[in-house]
Amino acid sequence: QVQLVESGGGSVQPGGSLRLSCAASRRTSSIDAMAWYRQAPGKERELVAKITSDGGTTYYLDSVKGRFTVSRDYAKNTMYLQMHSLVPEDTATYYCWAVLVPTIEARYEVWGQGTLVTVSS
């Protein structure tokens, strides 16, 4: 029912910045936590950042802590990942993830289709 669409990926030089966006197809109070994952070619997918339903608690992968910031804009029904001081190791496809709890007995996860970030000189 709910779809997640990522945007903002592209090519940037080391030290540059990008802001990724993840927009839900509709407003819903059922969305609980949201997160950003990434997967580099030939590597396993890893959790980059996570944010709780009210934005009160966040988690960051050690290698991005201090450089990346995850946030949510509830009015726009969108999650963001602001990335600074990018390094080649950040090159990956970034995926948006969310868990929905529409009822007390229902819980399911939704993945976006991904947006590619390439950091190179």
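Think of each chain on its own: its residues are numbered from 1, step by step along the sequence as written. For a predicted model such as this one, the threshold for reporting local features is a pLDDT of at least 70, and the threshold for listing and counting side-chain atom pairs is 80 or more; totals across whole chains, interfaces and linings nevertheless cover every residue. Hydrogen atoms and water are omitted, and side-chain values are computed over all heavy atoms in the structure.

1. A short note on the packing of aromatic side chains
We count it as follows: The pairing test for Phe, Tyr and Trp rings, Trp by its six-membered ring, is centres within 6.5 Å, and the orientation test on the planes gives stacked under 30 degrees, edge-to-face over 60, and tilted for anything in between. For the purposes of this entry, the term helix denotes a DSSP run of H or I that reaches at least four residues, the term strand denotes a run of E that reaches at least two, and both are numbered from the N terminus. Each residue is placed in one exposure class: buried if its accessible area under a 1.4 Å probe, protein chains only, is under 20% of its type's maximum, exposed if it is over 50%, and partly exposed if it falls in between. Here, a charge over a ring means that NZ of Lys or CZ of Arg falls within 6 Å of the ring centre while also lying within 35 degrees of the ring normal.
The full count for this structure, using the stated rule, is two aromatic pairs. Consider the rings of Tyr37 and Trp97, whose centres lie 6.3 Å apart with planes at 70 degrees: the pair is edge-to-face. You can see Tyr37 sitting in strand S4 (residues 31-39) and its partner Trp97 sitting in strand S9 (residues 92-103), a full 60 residues away along the chain. Like Trp97, Tyr37 is buried. Its guanidinium or amino end placed over the ring of Tyr95, Arg45 lies 4.0 Å from that ring's centre, counting from NZ or CZ.

2. Let's talk about the pattern of salt bridges
Applied cut-off: Definition used for salt bridges: Asp or Glu carboxyl oxygen within 4 Å of a side-chain nitrogen of Lys or Arg.
Applying the stated criterion to the full structure yields three salt bridges. Between Arg38 and Glu46 there is a salt bridge whose closest N-O contact spans 2.8 Å. For Glu46, a relative accessible area of 31% gives the class partly exposed. One salt bridge connects Arg38 with Asp90, and the closest N-O pair in it is separated by 2.9 Å.

3. Some words on the state of the cysteines
Worth spelling out the cut-off: The definition used for a disulfide is geometric: two cysteine sulfur atoms within 2.5 Å.
All chains considered together, the criterion is met by one disulfide. Bridging Cys22 to Cys96, the disulfide has an S-S length of 1.9 Å. In this structure the cystine formed by Cys22 and Cys96 twists about its S-S bond by roughly -75 degrees; its chirality is therefore left-handed. One end of the pair, Cys22, is in strand S3 (residues 18-24); the other, Cys96, is in strand S9, with 74 residues separating them in the sequence.

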